[in-house]
Structure formats: structure tokens, C-alpha cells
Amino acid sequence: MTAGFSEEAAAISDEIAELRHAIHAEPEIGLDLPKTQHKVLSALAGLPLEISTGQTLSSVTAVLRGGKPGKTVLLRGDMDALPVDERTGLPFASVTSGAMHACGHDLHTSMLAGAARLLSARQADLPGNVIFMFQPGEEGNGGARLMIEEGVLDAAGDRPVAAFTLHVSSGLLPLGIAASKAGPAMAAADTLHVTVRGRGGHGAQPHHASDPIPVACEIVTALQAMVTRRFDVFEPVVVTVGTFHAGTTDNVIPDDAAFVATVRTFSPQSRDLVKAASVQLVKQLAAAHGLTADAEFVDGYPVTANDQVEFGFAAKTIGEVFGEHRFITAPNPLTGSEDFSYVLEQVPGVFIMVGACPPDSDAATAPFNHSAEAVFDDGVLADGAALYAELAHRRLAASS
Ligand SMILES: [Zn+2]
Ligand SMILES: [Zn+2]
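Keep in mind that what you see is a predicted model, and the values were worked out from it rather than measured.

(A) Region of interest: the nonpolar core. Core analysis: the largest hydrophobic core is formed by 59 residues, its most contacted members being L44, L75, L119, V130, F132, F134 and I352. Judged by nonpolar contacts, the second largest core, of 27 residues, contains A222, M226, L285 and A293.

Printed below as a string of C-alpha cells:
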């Protein structure tokens, strides 16, 4: 086996940090990230890559064809920021008000560009191809799904045998500690929209109206009973009603009451059941009171499910390259969601969290991802780039 990438990664760590700082200072939100795309293309310029850009989003797909025959592996880094006003006070803080790289995607992008440089330098003895997937629109826009529709999985000709992504966290994990698990790693996140339809009237004469408010309240409570009675206690389901709106004043019964819930599940089976059971419950509970209700279940990101075998490979790789102490098998999935899930529906792979908490902060209390005060430490950049490169190189070597 050839030597690892850690030394070469350390040698380009300034370059990776420079790219990260430039992207961080000019964050862009959503699917259209022209400045970020330009920075990525500049960073990849001169490398022996086949580069294409997206049609419906400002993605960058780069393919490195190894000098030896072999399979294909995909590495993904997301590039988008969040609508947050940054309060970190960092010298390279966002200059764009209302936008911040509060989820650390600036680190993913620069680490992936670093990995492209590291692997390009080993092109001659690379046994197969690597697809570098630079993806906009992770935060709610489903950019990964759009890139799949535009052909990222077929960019090298044959489908990848494995796919990997890293995600930094500003808290939770100490600097440089990686964590992942086999099976579900993050939740499916769907939305339930409910409108209970009654008939308005005078607040003092409820018998002449059909009051939607107590019925909607009963449905909200019944949804919690549904979670505890219809789902295996060892397979968590979260239903949180985040908005509830009805009425205008105390003495008027409104025509309707509406609420929206986020629904988190960890398997396709639970997801299907919660979809059917919640809609049934809403409609029939309204009917029990002589009212009607609209219930619409809107699909968000699916469960992020790590492949058992690829998880074992990734855990072993991290242990061998950085030491056993640098990897933790996560005891539970996270209840957040990720659109890398769309890639993992088609390609076996792994989503890996990497601690980027500043060394002088306590990971247990440091502001977490999406906070205006979340700080991600540059100390993770070289190892992150090396890890991307190791995963690709070793995975190709293992299947050649
Ligand atoms: Zn995020
Ligand atoms: Zn993120």
C-alpha cells in the first residue's frame, strides 16, 4: 500500500484554509451560488479533472480518472450557507448580511477541493475513478437530488461502488474526532399540514357554530398518543407541531384552525406508517366532531442510511490513518436530516461527522451548527482533506 495522504495534506493546509476563508467571507444561500462555484473552479484549475457544471443549480462535478483500471467512488461536499447573521467575530466572518456558513459547508467544500488536489497528485497509480460532487442547496433545497437528476452518479461512466461525505460540527464532538454508525444516521424530515374546517359564529353561542379550535387541539394531543401507541418504543418517531393558527379575537369562533408539524422517522417503514396513521387520525378525529379536515403530508429528505459494510470500511480507515481514539461509533442517529440521503438511496456509502470544535471551547456547550455564534476550527481541514482522499484511494484499491 502507498503511504497515506496526511503529510501531503498538511503541506497544503494553508491553501485549504485560504479557500475556506474566502468562501466563508462570501456565503451564498440555496441552489444558485455563483461566487462559490467560481472559487471552486479556480481551486480545481490545472488539475487533471473532467469538470462539468450544473444546469438548474450551480454545482460542480469533477471526475478524476486513475492511471490504472478500476471502479468508481464518489466524494461529496456541500457548498451552501444559511440565512443567519454571523456573530462569531472571526477575521474572515461573512461580509454579506443575512448569510452565514453556520453549518460548516465552507469547510466541506475546501476539504473536498483539497482532496481533489491530493488524489490528482497520485493519478498515475489510482486504481479507478473518483467523482467529486460539489453540491449547492443542502439546507432544504434538495440539491443532491437535483445533481442526481442531472447525472452526477453517472459522471464517470459507471456507477460508483461507494459514496462518502464528511460533515463538520462546531459542538458535540471534540476537534478531530470522527463519528458515524451503521444503518440510520439521520432522520427523514417530513411535514404534516393540517387545516380543520368548521363554521364560524358568535363566541357566546357555540352550538350555532362548528368550533374548529378544540378539535384541532385534540388532534395535536392525539398525534402524541399516536407516537407512543403505534410505534415500537425502540424506533423513535418525533412529531412536533411548530405552528398553530386560528381565530382573530375572543368572542368570534373562526371558520378554521391550521397547524404544521415536522415529522422525523428513522426507517422507510415508520415513515410510511406515520404518513398513513397521521392523515387517518386527523380526518377521522375531525369527523368524530362533525367537522372536516385537510391533512397533507409533504415529503422532505429521506432517512440517511449508512451501509453496514462501507461503515466498517470507513471506521477501519479512520482508525488506521489517524488512530483508534479518533473514531467513535455513534450510539444513536441524529434527528436532523441530510440530502446526502438521496445519494445513499442509490449508492452504498457513509455519512461521517467530524468534530471541528475550537480546541479552547468545550464541545458539550459550544454553539452548535446553525447558530450565529458557531465557530468551526481550521485545525480539522488538513485531516478532513486527507480523510476524503484516503477513503477514495483505499476503497478503490480494495475493489481492484
Ligand atoms: Zn445544516
Ligand atoms: Zn450541513
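(B) Inspection of the coordination of the zinc ion (ligand 1) at higher detail. Binding of the zinc ion (ligand 1) to the protein goes through C103 (SG), E139 (OE) and H370 (NE2), at separations of 2.0 to 2.3 Å. Taken in chain order, the donor set of the zinc ion (ligand 1) reads C-x35-E-x230-H. A separation of 3.1 Å is found between the zinc ion (ligand 1) and the zinc ion (ligand 2), both of which receive a donor from C103. You can see C103 sitting in the loop between β3 (68-78) and α4 (105-120) and its partner E139 sitting in the loop between β4 (127-135) and α5 (143-149), a full 36 residues away along the chain. Owing to a relative accessible area of 7%, C103 belongs among the buried residues under this scheme. Judged by its relative accessible area of 22%, E139 falls in the partly exposed class.

(C) Representation of the packing of helix α8 (residues 308-322) against helix α10 (residues 381-399). Relative orientation of the contacting elements α8 and α10 amounts to 125 degrees, with a least axis distance of 10 Å. As the angle between them shows, α8 and α10 are arranged oblique. Relative to α10, α8 is oriented so that their crossing is right-handed. Contacts between α8 and α10 involve E310, F313, A314, T317, I318, E320, V321 and F322 from the first element and D383, A386, L387, E390, L391, R394 and R395 from the second. Grouping the amino acids of the contact of α8 with α10 by side-chain chemistry returns eight nonpolar, one polar and six charged.

(D) Representation of unusual backbone geometry. One non-glycine residue with positive phi stands out, namely L172, at about 75 degrees. If you check the backbone angles, H370 has positive phi at about 85 degrees while not being a glycine. Position of H370 relative to the elements: it lies in the loop between β16 (349-355) and α10.

Calculation rules
Residues numbered from 1 in each chain as written. Chains lettered and ligands numbered in written order. Predicted model: local features only at pLDDT ≥ 70, side-chain atom pairs only at ≥ 80, totals over all residues. Heavy atoms only, no water. Core = buried A, V, L, I, M, F, W, Y, C linked by side-chain atoms within 4.5 Å. Buried < 20%, exposed > 50% of the residue type's maximum accessible area, 1.4 Å probe, protein only. Donors = N, O, S within 2.8 Å, 3.2 Å for Na, K, Ca; no water. Helix = DSSP H or I, 4+ residues; strand = E, 2+ residues; numbered from the N terminus. Axes fitted to C-alpha atoms, helices over the stretch in contact; angles between N-to-C directions. Parallel < 35°, antiparallel > 145°, perpendicular 65-115°, else oblique. Left-handed = near helix turned anticlockwise from the far one by under 90°. Contact = heavy atoms within 4.5 Å. Nonpolar A, V, L, I, M, F, W, Y, C, P; charged D, E, K, R; others polar.

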